[in-house]
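Per-entry structural report
Now for the letters of each chain:
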Amino acid sequence: RSIPTSIYFGRDCLGRRSLLVSRFDGVLALSSVSVDLSGTSAWTEIRPGTVFRIDMKSGEETEKPIPKMTNGCIPAMIPRQFSDDRIDEAARGLLLCLDKAVERRVAHPPSPKSQSTNDASVAVLFSGGIDSVVLAALSHRHVPVDQPIDLINVSFFNDPPDASSSKSPDRLAAILSYEEMTTRFPQRKWRFIAVDVVYSQVLENERHILDLIAPLDSTMDFNIGVAFWFASRGEGRLLGSSEVDAARREIEGKSRGGGSTNSSDQPLLRFANSNDSRGECAVEKVEKGDKRAPSSSHSIPDDNTGILSS
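Residues numbered from 1 in each chain as written. Predicted model: local features only at pLDDT ≥ 70, side-chain atom pairs only at ≥ 80, totals over all residues. Heavy atoms only, no water.

A short note on the overall build of the protein chain
If you tally the helices and strands in the protein chain, you get 7 helices and 11 strands. The buried share among the 310 residues of the protein chain stands at 35%. In the structure as shown, the protein chain presents an accessible area of about 19,800 Å², 52% of it carried by carbon and sulfur atoms. (Helix = DSSP H or I, 4+ residues; strand = E, 2+ residues; numbered from the N terminus. Buried < 20%, exposed > 50% of the residue type's maximum accessible area, 1.4 Å probe, protein only. Areas by Shrake-Rupley, 256 points an atom, 1.4 Å probe, with all protein chains shown as cover.)

Right under this line is the structure:
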């Protein structure tokens, strides 16, 4: 058979997957992570949306852009004027696309390593904002109802966390969103995993995290990488009902003007008020039309958790 004379490589148009290149001593190295190659040049990211070709005989390198494709779920043209019907139609289309994307990631959890029904096979990096709440609600539609879903929330502290660690505005918002999830979907066991990270832990792992995110090196890249790294370990404490009650009292006290450490006057709760007729979210409406019986054929692993992030 013929021997290949060319090597092709590239990234998708959105750059969703990592691909790095390093050139040294006439050698070209490709990797999805920045491994340590002593004495070599630095790794650089391959720009997305381009296919590169290297001729193995001449060493000539050429490139060609990946043709753009239009997603059939999303209208190619944005109308100049919107009506209520058009907005509802667009919202349903967006929900359908999001629902399919989440289903592909959670419908088939990892092979079980434990028979315990207390362990989750799916986790969501949960800030309590609209992105993570929607991901959690859509995950609920596709994960068997007898399996718990972990909501992992990361907060950073200068000193070792104590009983006041849940008074961080972001942690308070996440706890209230968690409580809303348990109210709207009571048949599901939701577990709030509080990951408390002190500054000294960040310093201890700084070099390792920088190696993982390389060649990205901005402050924003590092901040995001730190949060992802600590969250992906899934190591934290299980939130108890007493802490949820304390968070609710904290918010109620602030709403009555009892003082606030929050720099913003905006409410921390992400959901609509219960007495608002618009409070019924689109996710819940879709679920009501879902007639599938929940599957109970999957056992739940105690690790190897599938994680969604927003």
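Here the narrative resumes, following the displayed structure.
Structural notes on helix α4 (residues 199–213)
Where α4 bends most, the angle comes to about 55 degrees, and this point is Glu206. Those residues of α4 that are buried are in contact with β8 (149–157), β9 (190–198) and α5 (219–232). (Bend = angle between axes of the 7 residues up to and from the residue. Contact = heavy atoms within 4.5 Å.)

Focus on unusual backbone geometry
Look at the link from Ala214 to Pro215: it is a cis peptide, with omega at 10 degrees. For Pro215, the location among the structural elements is in the loop between α4 and α5.

Overview of the pattern of salt bridges
The tally for this structure, following the rule as stated, stands at 11 salt bridges. Note that Arg23 is salt-bridged to Glu61, the shortest N-O span being 2.9 Å. In this pair, Arg23 sits in strand β2 (residues 20–24) while Glu61 sits in strand β6 (residues 61–65), placing the two residues 38 residues apart along the sequence. Asp196 is the partner of Arg171 in a salt bridge, and the nearest nitrogen-oxygen pair spans 3.0 Å. With Arg171 in helix α3 (residues 169–184) and Asp196 in strand β9, this pair connects stretches of sequence that are 25 residues apart. Judged by its relative accessible area of 0%, Arg171 is buried. The exposure class assigned to Asp196 is buried, which follows from its relative accessible area of 16%. Beyond isolated ion pairs, a larger network of salt bridges with shared partners links Arg171, Asp196 and Arg237. (Salt bridge = Lys/Arg side-chain N within 4 Å of Asp/Glu carboxyl O.)

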